[in-house]
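Observations on the three-dimensional arrangement
Each chain, letter by letter, is given below.
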Amino acid sequence: MDSAPLLNNDGIIFLFLYLFSLIGVGLLGYYSKKEDSLGDFYLAGRGMGGFVLFLTLYATQYSGNTMIGFSGRAYRQGFTALVTVTFMCAIIGLYFIYAPKLHDLSRKHSFITLGDFIYHRFQSIHLTIIISIISIIALGNYILTNLKAIGFIIEGATAGQVSFVNAIIILSLIMVIYETLGGMRSVAWTDMLQGLLLLFGVIVIFYIIYEQYGGLNAISSQLQINRPDFWTPPDWSDKRLWLSTILVVSIGVSVYPHAIQRIYSAKDSSTLRKSLQLMVFMPFVTTLFMVIVGIVGASQIEGLDRNNSEQISILLLVDLAEKIPNISWLIVMFLAAAIAAIMSTVDSALLAISSTVTQDLFRKIKPDSSQKELLLFGKSISWVIMLVAVIMAINLPQTIWQLFQIKLELLCQIAPAIFLGVHIKSISSKSILIGIYIGTLIALSIMIGNWIGFPIPIKPFGIHAGLWGLIFNCLAIFTIDRHKLKSSIKLA
Amino acid sequence: MTVPWFFINTKMESTGGFPNWALYALFSTLIYAISIFYFLHKYWSISASEKTLKK
């Protein structure tokens, strides 16, 4: 990218005004609280209406990867990047398996965290703690990678006027302030603004790029010359990988602890149902648009390497702004939307970790703590987690950074506890626990074994390590509980 | 269903700017989304029902 800043001073001022306005939203959340309780703080009093719920689900589900990663992938791989549209839709199909019942159970038993459901269902502290720890590690990794991304985006956009370190510190501070002020209320309301900005940003950027460069129809003949490989259908190994990607991403994302908290927060089941019905179509106006932007980019700008291809959207916008100076505001909008997408994901993950540590770990050790003490502990934990995440994001050497890419592979291993646990009473905590241990061990062995040089592919037979883990995880469950399951089937 | 399993040969044809196999993947994803929309509407209460618990 050029060393000239993408954002001029006005752009930087606008961006920071927007960012600091989020603290105002946090204050609104603080003054709207009904009581000092974990339920009110972490689930917005379980009264989230349709509009807010939909936008907070949307903003949480679509991270900075949507704005940057998906178009970069499309630039490099062409139409096979359409798999991203499929897995974003598939996630909602998986919610359908468990969300209706989990929402009802959460109302009946006042769940706050995923751990609450696990403990209620399996009556096992061991299982609850293991699932909580896996959730915390996966969410922590999510926060770290997103913080790092936000640092690079702002440093790149301001050509170093705001450094990588300062960008991470300022944005983390803003997030932790509004999160600890109003909890889920503040996070959901800021998500609402961020979701609108993301949606509006994607649609406007897509429309202008599509219009200016002539759309897919117009560029397809040029693409057939520049990138004939885009027209080649995936071979058998790529098709297996396509299926594996859909499964590993949709299963992992569908059990995000912060998404589960939004299921608990819904005002009623009808509100939740309508939000999910709308969510299933959002990949067609978000993911698909960014994939097309990447493909249009491939027809206009050739020869970008992996890192530079991640900036294809912004390169197209810069190219357009040079031809049509009036639309340079689009660059500000793109950056604001990308930052909004990242922040809405990080703040939700932070809230989920804070609630998990407070409710599933601290409360188990100190069951007599009052709601005020628990709240104080939860808010303090948010600051500590953010501080640790900032230090790690700034200082971690690149050599161990790979370890923090492990998220979905871990989350996949807790999926059977939720999907099967919600519907099948005869599944025991013992089988779920052994399944998690086996699945996690297999997934981590494949990934780490590959990284340290063992002759094992990162995706054996075109299947992700997390999915191999999940296959053996489920096999363990069904083997251990086979007799109980047989009687269940007979009873049914 | 959404994976373009049956497309093997490269054809430089396109519909609406998409290669045929990509259009198939996109269209089948749309069908999937419409189905999930319908299932959420029609079977939400069944999925939520205590009766689905197998004792």
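Position labels on residues start from 1 in each chain and follow its written sequence. Chains and ligands are labelled sequentially in the order written, the chains with letters from A and the ligands with numbers from 1. The model is predicted, so local features are restricted to residues of pLDDT at least 70 and side-chain atom pairs to those at 80 or more, both for listing and for counting; the totals for chains, interfaces and linings are taken over all residues. Water and hydrogen atoms play no part in the side-chain values, which are based on all heavy atoms of the structure.

**Side note on the overall build of chain B**
Short version of the rule: Runs of H or I in DSSP of at least four residues are treated as helices and runs of E of at least two as strands, each being numbered from the N terminus. Throughout, exposure labels follow a simple rule: accessible area from a 1.4 Å probe, protein chains only, divided by the maximum for the residue type, with under 20% read as buried, over 50% as exposed, and the rest as partly exposed. Accessibility throughout is a Shrake-Rupley quantity obtained with a 1.4 Å probe, and a residue counts as covered only by protein chains that appear here.
Each helix and strand in chain B was counted, giving one helix and two strands. Ordering the α and β elements of chain B from the N terminus gives β-β-α. Within chain B, buried positions represent 35% of all 55 residues. Carbon and sulfur atoms form 69% of the exposed surface of chain B, whose accessible area is close to 3,400 Å².

**Re the confidence of the model for chain A**
What counts is decided by this rule: A score from 0 to 100, pLDDT tells how confident the predictor is in each residue.
Chain-level statistics for chain A give a pLDDT mean of 87 and a share of 96% at 70 or above. Per-residue pLDDT, averaged within each element of chain A, yields its smallest value for helix H21 (residues 482–491) of chain A (70) and its largest for helix H20 (residues 465–480) of chain A (95).

**Things to note about the nonpolar core**
Selection criterion: For this analysis, a nonpolar core means a set of buried residues of the types Ala, Val, Leu, Ile, Met, Phe, Trp, Tyr and Cys, connected via side-chain atoms within 4.5 Å. We call two residues in contact when some of their heavy atoms are within 4.5 Å.
If you look at the biggest cluster of nonpolar residues, it comprises 195 residues, and the most contacted ones within it are Phe-79 and Met-343 of chain A. Discounting chain neighbours no more than four positions away, the residues touching Met-343 of chain A are Leu-19, Leu-22, Ile-150, Leu-171, Ile-174, Met-175, Tyr-178 and Gln-194 of chain A.

**Focus on the pattern of salt bridges**
Residues and elements named next belong to chain A. Note the threshold: Here, a salt bridge means any Lys or Arg side-chain nitrogen found within 4 Å of an Asp or Glu carboxyl oxygen.
Counting across every chain of the model gives four salt bridges over all chains. Of the charged contacts in the structure, one is a salt bridge between Asp-40 and Arg-185, with a shortest N-O distance of 3.0 Å. Residue Asp-40 is located in helix H2 (residues 38–43), and its partner Arg-185 is located in helix H8 (residues 164–213); the two are separated by 145 residues in the primary sequence. Relative accessible area serves as the criterion here: at 4%, Asp-40 is assigned to the buried category.

**Here we look at the packing of aromatic side chains**
Short version of the rule: Whether two aromatic rings pair depends on their centres lying within 6.5 Å, for rings of Phe, Tyr and Trp, where Trp uses its six-membered ring; planes under 30 degrees apart make the pair stacked, over 60 edge-to-face, and the rest tilted. Two conditions define a charge sitting above a ring: the NZ of Lys or the CZ of Arg must be within 6 Å of the ring centre, and it must be within 35 degrees of the ring normal.
Following the criterion strictly, the structure yields 27 aromatic pairs over all chains and no others. Measuring from ring centre to ring centre gives 5.7 Å for Phe-281 of chain A and Phe-37 of chain B, while their planes differ by 50°; the resulting arrangement is tilted. Residue Phe-281 of chain A is located in the loop between helix H12 (269–279) and helix H13 (287–300), and its partner Phe-37 of chain B is located in helix H1 (residues 20–48); the two belong to separate chains. On the basis of an interplanar angle of 65° and a centroid distance of 6.3 Å, the ring pair of Phe-461 of chain A and Trp-468 of chain A is categorised as edge-to-face. Assessed through its relative accessible area of 63%, Phe-461 of chain A is described here as exposed. The ring of Phe-122 of chain A has Arg-121 of chain A lying over it, and the distance from NZ or CZ to the ring centre is 4.4 Å. The side chain of Lys-239 of chain A reaches across the aromatic face of Trp-236 of chain A, ending 4.8 Å from its centre.

**Description of the confidence of the model for chain B**
As a general rule, the predicted coordinates of low-pLDDT regions are not to be interpreted in detail. Taken over all residues, the pLDDT of chain B has a mean of 82, while the share at 70 or more is 87%. Both scores are given for the predicted complex: the pTM is 0.89, the ipTM 0.88.

**Structural notes on the interface of chain B and chain A**
Rules: Summed over both partners, the accessible area (1.4 Å probe) lost when two parts come together is defined as the buried area.
Taken together, the contact pairs 40 residues of chain B with 50 residues of chain A. Buried surface at the junction of chain B and chain A, both sides included, amounts to about 4,100 Å², of which 72% is carbon and sulfur. There are zero salt bridges connecting chain B and chain A. With 18 residues, the top contributor of residues to the side of chain B that touches chain A is H1 of chain B.

**A word on a nonpolar patch on the surface**
Residues and elements named next belong to chain A. Going by this rule: Surface patches are defined over residues having more than 30% relative accessible area and no salt bridge, joining like charges when they lie within 9 Å and nonpolar side chains (Val, Leu, Ile, Met, Phe, Trp, Tyr) when within 5 Å.
Taken together, Ile-434, Ile-438, Ile-471, Phe-472, Leu-475 and Ile-480 make up a surface patch of nonpolar side chains, about 440 Å² in accessible area. The set of elements that each furnish at least two residues to the nonpolar patch consists of helix H19 (429–451) and H20. Here the nonpolar patch gets four residues from one element, more than from any other, and that element is H20. Within the secondary structure, Ile-434 sits in helix H19.

**Focus on the environment of Thr-56 of chain A**
Residues and elements named next belong to chain A. Going by this rule: In the analysis that follows, any N or O atom pair within 3.5 Å is treated as a polar contact, provided that within protein one partner can donate a hydrogen and the other can accept it, and provided that, for residues neighboring in sequence, both atoms belong to side chains.
Along the chain, the position of Thr-56 falls in helix H3 (residues 50–61). Owing to a relative accessible area of 0%, Thr-56 belongs among the buried residues under this scheme. The spatial distance from the C-alpha of Thr-56 to the C-alpha of Ile-97 is 21 Å, given a sequence separation of 41 residues. With near-sequence residues (within four places) excluded, Thr-56 lies in contact with Met-48, Ala-188, Asp-191 and Arg-262. In this structure the side chain of Thr-56 is engaged in a polar contact, spanning 2.6 Å, whose partner is the side chain of Asp-191.

**Quick word on H20 of chain A**
Residues and elements named next belong to chain A. Stated formally: To estimate the expected span of a helix, subtract one from its residue number and multiply by 1.5 Å.
For H20, with 16 residues, the first-to-last C-alpha span of 23 Å sits near the 22 Å given by 1.5 Å per residue. Regarding H20, the residues found buried are Ala-465, Gly-466, Leu-467, Trp-468, Gly-469, Leu-470, Asn-473, Ala-476 and Ile-477. Buried positions along H20 lie against helix H10 (236–254), helix H18 (408–423) and H19.

**Topic: unusual backbone geometry**
Residue and element names in this part refer to chain A. Of note, Arg-46 is a non-glycine position whose phi angle comes to about 55°, a positive value. With respect to the helices, strands and loops of the structure, Arg-46 is situated in the loop between H2 and H3. Of note in this structure, Gln-123 is not a glycine but carries a positive phi near 50°. For Gln-123, a relative accessible area of 54% translates into the label exposed.

**A closer look at H3 of chain A**
All names here are of chain A. For H3, built from 12 residues, the straight-helix expectation of 16 Å at 1.5 Å per residue is met to within 8% by its first-to-last C-alpha distance of 16 Å. With 10 of 12 residues buried, H3 is to be regarded as a mostly interior element. Listed in full, the buried residues belonging to H3 are Val-52, Leu-53, Phe-54, Leu-55, Thr-56, Leu-57, Tyr-58, Ala-59, Thr-60 and Gln-61. In this structure, the buried residues of H3 make contact with helix H5 (83–109), H8, H10, helix H11 (257–265), H12 and helix H16 (329–365).

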